[in-house]
Amino acid sequence: MINKSSIQAKIMSAILLTCTIVLLLLCSAFILFEYLSYKKSVKDNVSTLARVIAGNSSAALAFESYSDAREILNGLKNNPHIESACLYDASGHVFAVYPDTISRKKIPPTPQTDGYKFSDNALVGFEPVRQEASRLGTMYIRSNLDQMYAQLNNLLLTSGCLLVGLLLVTYLLSVLMQRPITRPIRAFKDGVRRISEEHDYSVRITQTSQDELGSLTDAFNHMLTQIELQNETIGKLAAIVESSNDPIISITLEGIITSWNDAAERTFGYAADEIIGKSVFNIVPDERRHEEAEILARLQRGESVEHLETQRLTKNNRLLDILLTISPVKDQYGKIIGASKISRDITEKKQEERRKNDFIAMVSHELKTPLTSTRSYVQILLAEARKRNSDAFIINALTRTDVQTKKMTHMINDFLNLARLEEGKLQLILRVFELQTLVEEIVGDAQFLTKNHKISFLNCDHIKVKADREKIGQVLMNLLTNAIKYSPKGGEITVACAIDNQKAIISVRDQGVGIKQADQQKLFERFYRVENNELRTISGFGIGLYLVAEILRYHGSKIQVESQEGFGSTFYFSLDIAQE
Ligand code: ADP
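Residues numbered from 1 in each chain as written. Predicted model: local features only at pLDDT ≥ 70, side-chain atom pairs only at ≥ 80, totals over all residues. Heavy atoms only, no water.

Looking at the site of the ligand
Point 1. Close to the ligand lie 20 residues; N482, Y486, D510, R529 and L545 are nearest.
Point 2. Interatomic distance of 2.8 Å between a side-chain N/O atom of Y486 and an oxygen atom of the ligand.
Point 3. Measuring from an oxygen atom of the ligand, one finds a backbone N or O atom of L545 at 2.8 Å.
Point 4. Here the ligand has 530 Å² of accessible area as a free molecule, and 97% of this is covered by the chains.
Point 5. Contributions of two or more residues to the shell around the ligand are made by α11 (469-485), α13 (544-554) and β17 (568-576). (Near = heavy atom within 4 Å. Polar contact = N/O pair within 3.5 Å; in protein donor to acceptor, adjacent residues only side chain to side chain. Areas by Shrake-Rupley, 256 points an atom, 1.4 Å probe, with all protein chains shown as cover. Helix = DSSP H or I, 4+ residues; strand = E, 2+ residues; numbered from the N terminus.)

Focus on a nonpolar patch on the surface
Point 1. Nonpolar side chains collect at one region of the surface, where V169, L173, L176 and M177 lie side by side and expose about 380 Å² of accessible area between them.
Point 2. Residue V169 is classed as partly exposed on the basis of its relative accessible area of 46%. (Patch = residues over 30% accessible without salt bridge, like charges linked within 9 Å, V, L, I, M, F, W, Y side chains within 5 Å. Salt bridge = Lys/Arg side-chain N within 4 Å of Asp/Glu carboxyl O. Buried < 20%, exposed > 50% of the residue type's maximum accessible area, 1.4 Å probe, protein only.)

Description of the state of the cysteines
Point 1. A complete count under the given rule lists one disulfide for this structure.
Point 2. Each sulfur of the disulfide joining C460 and C497 lies 1.9 Å from the other. Across the S-S bond of C460 and C497 the torsion is about 85°, and the bridge reads as right-handed. Taken together, the residues span a long stretch of sequence, with C460 in the loop between β12 (453-458) and β13 (464-467) and C497 in strand β14 (residues 491-500) at a distance of 37 residues. Neither residue differs from the other here; C460 and C497 are each classed as buried.
Point 3. Take C19: it sits in no disulfide, and the sulfur closest to it among the cysteines is that of C27, at 13 Å.
Point 4. Judged by its relative accessible area of 26%, C19 falls in the partly exposed class.
Point 5. Not part of a disulfide, C161 finds its nearest cysteine sulfur in C27, a span of 11 Å. (Disulfide = S-S within 2.5 Å.)

Focus on the nonpolar core
Point 1. Within the largest apolar cluster, 47 residues are counted, with the highest numbers of intra-cluster contacts made by L435, L476, L479, L480, I559, F571 and F573.
Point 2. Secondary structure elements with two or more residues in this core: α9 (392-422), α10 (435-449), β13, α11, β14, β15 (503-509), α13 and β17.
Point 3. The element that contributes the greatest number of residues to this core is α11, accounting for eight residues.
Point 4. Both domains that meet at this core, namely domain 3 (347-426) and domain 4 (428-580), each give it at least three residues.
Point 5. In this structure, F573 is in contact with V475, L476, L479, A504, I505, I506, L552, S557, K558 and I559, ignoring residues within four places of it in sequence.
Point 6. With 28 residues, the next largest nonpolar core counts I82, A96, Y116 and M139 among its residues. (Core = buried A, V, L, I, M, F, W, Y, C linked by side-chain atoms within 4.5 Å. Domains from an automatic or database assignment. Contact = heavy atoms within 4.5 Å.)

Let's talk about the packing of helix α3 (residues 146-198) against helix α4 (residues 212-243)
For any two helices packed against each other, one specifies the inter-axial angle together with the distance between the axes.
Point 1. Running from N to C, α3 and α4 cross one another at 15°; their axes reach a closest spacing of 11 Å. Our classification of the angle between α3 and α4 gives roughly parallel. Here α3 and α4 pass one another in a crossing that is left-handed. The residues of α4 that touch α3, namely those facing I181, P184, I185, F188, V192 and I195, are L213, L216, T217, F220 and L224.
Point 2. Counted by class, the contact of α3 with α4 contains 10 nonpolar, one polar and no charged residues. (Axes fitted to C-alpha atoms, helices over the stretch in contact; angles between N-to-C directions. Parallel < 35°, antiparallel > 145°, perpendicular 65-115°, else oblique. Left-handed = near helix turned anticlockwise from the far one by under 90°. Nonpolar A, V, L, I, M, F, W, Y, C, P; charged D, E, K, R; others polar.)

Digging into the sheet that holds strand β2 (residues 94-98)
Point 1. The five strands lie next to each other as β2-β1-β5-β4-β3, forming an open sheet whose pairing is antiparallel. Two strands in the sheet have a free side with no partner beyond their single neighbour: β2 and β3 (115-119). Ignoring which end each strand starts from, the neighbouring axes of this sheet average 15° apart.
Point 2. With five bridges joining them, β3 and strand β4 (residues 122-131) adopt antiparallel strand pairing. Looking at the pairing, G115 lines up with F126 of β4. (Pairing = 2+ DSSP bridges.)

Worth remembering: the numbers are spatial, not functional.
The structure is reproduced here in structure tokens:
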């Protein structure tokens, strides 16, 4: 249960309670001490009196003088508290009583053990009467305790008044003493209340003491400064987010939208109130759901996702091409708790790209048919010329035409594959084939392109792989044409096969210009070409290695490169060996 009383009340109660307990204990001890002293003094007085009377009575008892005994006992009249007394003779019979009028029933019939004791609100005592060594009898005396009780009453009254007086003083002191403690606490409380009610973090609490409370105030003010700074940063960020032309939204790890800026409203058509708290899948087209699920799964695993080209759906079911930039949102312990996404609308750029792709695809397709028939006629003419042992010039010219048309066919095939890739229409036709024959074929074709290079192959026999033969042929052809192009001084080019871990490893090595480490990372990007003076004259489109990488990616493989500038390069990849 929460104690709701104020600190002031608690401090005062503590002071008052402590003082009351101390005063009560002191008073009780004092009263007890006084009570015991009173009892002792009553006992001392009565026993002294009894001893005197007993001493005086010895003659009266020795001579059995009743009148003397009575007279001596009557001497007790001077003490108004003595209620009764008597003298017993040596044989224990009552000899004389005081006062005369007292009933014998109120006197003990026989003497009891010598000594004094308190009983029935009185002090009762038996005192021996002696004459020298012999005992003549016993004196009995009974005194009331009225005087002692009267004194005790006075004492209690005085103590009570004193206690009340002291408590009053304590109360006044406690009021004064709690002030220096509660004043800064109250100031602190007022400050905190103002901050929480008005959300005004510019308020600072005045430090009124140098003690723990002072340090607490200091720490609190420091915290307020931090909050103010953070609010300022958050304010700036919020302004940036709001004024951004790109939609910026935040989601939880479960994909629930938690923030939605104006640009998001403009782009996707949903108002913030309408979509906040709902699932992000509302703007994800069905065919892209797996991507979003993957993003959330990766964030949940604590991994980050950075950029992604994808598509989103507007409220009116319009499909947008989007470049997503995803930044994980972390809590104070660095744990990912959600993500903030910037969605750049790249629909127009994508459409432009598609138009370009369509154009390239269309042109390549249109060029392919006449080129195929040209190639066939050239080959027929070449065969005919050889058969008729024609002029060497004619044979040479036809051979060159054949090589150039082959080169052009490869180029067109590259463009067609690029267009297919862009449209997501690249399909593999997997079948089992002998590596050796494919390598032989491609090396033969490549060798036709150059006289400066010697292209050889080794260790490829008896290896069967399962892959798309035509596309792997294209991969090899692209690697070989690059090896030729980028070894302008000629040299040896080697295609080598090896088996490692149930995989066929195929490598193409040249002794050409080599590639700088920094460029090696980017070679496989679309349209990437290394730029330097030496290579300026070498023609190309920057799509060869991109296609190689993509075709291999479709095969579940990866192109890799090892190269040293000035010494040559080796490109290699692996393919699944066909199970017999
Ligand atoms: P292209 O050859 O048409 O420029 P590629 O995609 O085939 O495009 O190659 C990209 C870049 O990689 C080339 O511009 C070239 O600089 C570099 N490159 C490719 N193969 C080699 C190689 N065997 N040796 C040196 N550089 C190479």
